[in-house]
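# Structural overview
Single-letter residue listing:
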Amino acid sequence: MADIAIQPRIAKQQIREATTWDQIKTNRNWLGFWFMLPAMGFLIFFLAYPLGLGIWISFTDAKIGRPGQYIGVENYEWLWDDSIFWLSVANTLLYTFVASAIKFAVGLYLALLLNENMPFKAMLRALVLIPFIVPTVLSALAFWWIFDSQFSIISWSLKHLGLITHNINFLGDTTWARICVIFANIWRGVPFVAITLLAGLQTVQPSLYEAATIDGATAWQRFRYITYPLLTPIIAVVMTFSVLFTFTDFQLFWVLTRGGPVNATQLR
């Protein structure tokens, strides 16, 4: 009798579980999750796992060729007392803040300019993308020649104009080296900001500008009260990626300065 009484409860539980699983498979709210699952697995395997492994290794004395032993926070204590580490942190923050701010300002200006009706607009948009699609190492090598202490085209031009008497040591001076690497990063990053913001500007309805113009709004007022509020979500996404790309930049510095002179461009 007890078994007979238990069987209906088991059957109901199985039906309820099957119903829940069927709802999960067919519910529209879960559809996005199933589509995101492959990308989620990709990110976990190639991003989350290396990040977790790196954090674990930081608590060991691992070296190339051997796994190492757990040593706690000894590595962090050593970094805390390392002056070069704190200099690299300051360089990274300065580099990221200055480059990201200038990239946003220049990129926004280019986006507004390219959104206007002008001749050869399609060709100009394609030209703006060139710095972004060129490989980083090739860009860095080009800038390395531009800022070379002996063969710099900038120093050559200024000497022929009579503005300087000797070549500028761009990559050998601490201040000039910081300026040069920031300029190179801005040159590479502006196209991404400009084209993305331009795509956002294309979604703004022209009727909003027409109504504002009829009401007597100036160009600045149209930008302040129409363009900027509608672009805010896109600006947030673009600047998030821009800051991340700038903060994790390595190839540009390594090819141009290798962290020198005297660790002036040493990052992280």
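Okay, so let's go over this structure. Since the structure is predicted, the reported quantities are computational estimates derived from the model, not experimental observations.

Moving on, we come to the overall build of the chain. Helix and strand content of the chain: 11 helices and zero strands. Each helix and strand of the chain, placed in order from N terminus to C terminus, yields the pattern α-α-α-α-α-α-α-α-α-α-α. When each of the 268 residues of the chain is scored for burial, the buried share is 25%. Contacts in the chain between residues at least 24 apart in sequence constitute 63% of all its contacts with a sequence separation of at least 6. A total accessible area of about 18,400 Å² is found for the chain, and carbon and sulfur atoms account for 70% of it.

With that out of the way, let us pick up the nonpolar core. The biggest cluster of nonpolar side chains holds 18 residues, and the ones touching the most others in it are Tyr95, Phe147, Leu252 and Leu256. Within the residue set of this core, elements represented by two or more residues are helix H4 (83-114), helix H6 (136-146), helix H8 (174-201) and helix H11 (251-256). For this core, the element with the highest residue contribution is H8, accounting for six residues. For leucine 256, the residues in contact, after removing those within four places along its chain, are Ala140, Phe143, Trp144, Leu171, Val181 and Ala184.

On to the packing of H4 against helix H10 (residues 219-247), then. As a packed pair, H4 and H10 sit with axes 10 Å apart at the nearest point and diverge in direction by 140°. As summarised for this structure, H4 and H10 are arranged oblique, according to the angle between their axes. Relative to H10, the crossing made by H4 is right-handed. Listed contacts from H10 to Thr92, Tyr95, Thr96, Ala99, Ser100, Lys103, Phe104, Leu108 and Leu112 of H4 are Phe223, Thr227, Leu231, Ile235, Met239, Ser242, Val243, Thr246 and Phe247. Its residues assigned to classes, the contact of H4 with H10 comprises 11 nonpolar, six polar and one charged.

The tally for this structure, following the rule as stated, stands at one cavity of 30 Å³ or more. Its volume calculated, the largest cavity comes out at about 60 Å³. Elements that contribute at least two residues to the lining of the largest cavity include exactly H4 and H8. Across the lining of the largest cavity, the residue classes tally to seven nonpolar, two polar and one charged.

Computed from the structure, the largest pocket encloses a volume of approximately 430 Å³. Around the largest pocket, the lining is made up of 15 residues, and of these Leu112, Asn115, Glu116, Tyr209 and Thr227 lie nearest the centre. Listed by contribution, the elements that provide at least two residues to the lining of the largest pocket are helix H5 (121-133), helix H9 (206-214) and H10. No other element matches the four residues that H10 contributes to the lining of the largest pocket.

Turning next to the environment of glutamine 150. Relative to the elements of secondary structure, glutamine 150 occurs in the loop between H6 and helix H7 (153-160). With 17 residues separating them along the chain, glutamine 150 and asparagine 167 place their C-alpha atoms 6.7 Å apart.

For the rest of this paragraph, the subject is the side chain of threonine 227. Position of threonine 227 among the secondary structure elements: in helix H10. Contact partners of threonine 227, with chain neighbours within four places excluded, come to Leu112, Leu201, Tyr209 and Arg222.

Take the environment of leucine 171 next. Relative to the helices and strands, leucine 171 is located in the loop between H7 and H8. Residue classification places leucine 171 among the buried residues on the basis of a relative accessible area of 16%. Separated by 27 residues in the primary sequence, leucine 171 and tryptophan 144 have C-alpha atoms spaced 8.4 Å apart. Each residue touching leucine 171, except ones within four places of it in the same chain, is listed here: Trp144, Phe147, Ala177, Cys180, Leu256, Thr257 and Pro261.

Quick look at the side chain of threonine 60 now. Looking at the secondary structure, you find threonine 60 in the loop between helix H2 (28-57) and helix H3 (74-80). Here the side chain of threonine 60 touches isoleucine 57 through a polar contact of 2.8 Å, landing on its backbone oxygen. A distance of 3.4 Å separates the side chain of threonine 60 from the backbone nitrogen of alanine 62, its partner in a polar contact. The contact partners of threonine 60, leaving out residues within four places of it in the chain, are Pro67, Gln69, Tyr70, Ile71 and Asn75.

A word on the packing of aromatic side chains. For the structure shown, the criterion picks out 20 aromatic pairs. Note on tryptophan 145 and phenylalanine 151: the rings are 6.2 Å apart at their centroids and 45° apart in plane angle, and the pair reads as tilted. Exposure remark for tryptophan 145: the relative accessible area of 49% places this residue in the partly exposed category. A centroid spacing of 6.3 Å and a plane angle of 50° characterise the contact between phenylalanine 223 and tyrosine 228, whose relative ring orientation is tilted. Looking at phenylalanine 223, the relative accessible area reads 18%, which means it is buried.

What counts, and at which threshold
Residues numbered from 1 in each chain as written. Predicted model: local features only at pLDDT ≥ 70, side-chain atom pairs only at ≥ 80, totals over all residues. Heavy atoms only, no water. Helix = DSSP H or I, 4+ residues; strand = E, 2+ residues; numbered from the N terminus. Buried < 20%, exposed > 50% of the residue type's maximum accessible area, 1.4 Å probe, protein only. Contact = heavy atoms within 4.5 Å. Areas by Shrake-Rupley, 256 points an atom, 1.4 Å probe, with all protein chains shown as cover. Core = buried A, V, L, I, M, F, W, Y, C linked by side-chain atoms within 4.5 Å. Axes fitted to C-alpha atoms, helices over the stretch in contact; angles between N-to-C directions. Parallel < 35°, antiparallel > 145°, perpendicular 65-115°, else oblique. Left-handed = near helix turned anticlockwise from the far one by under 90°. Nonpolar A, V, L, I, M, F, W, Y, C, P; charged D, E, K, R; others polar. 1 Å grid on protein atoms, 1.4 Å probe; cavity = no way out; pocket = protein on both sides within 12 Å on 5 of 7 lines; lining within 4 Å. Points joined across faces, edges and corners; volume = space filled by probe spheres on them. Polar contact = N/O pair within 3.5 Å; in protein donor to acceptor, adjacent residues only side chain to side chain. Phe/Tyr/Trp six-rings, centres within 6.5 Å; stacked < 30°, edge-to-face > 60°.

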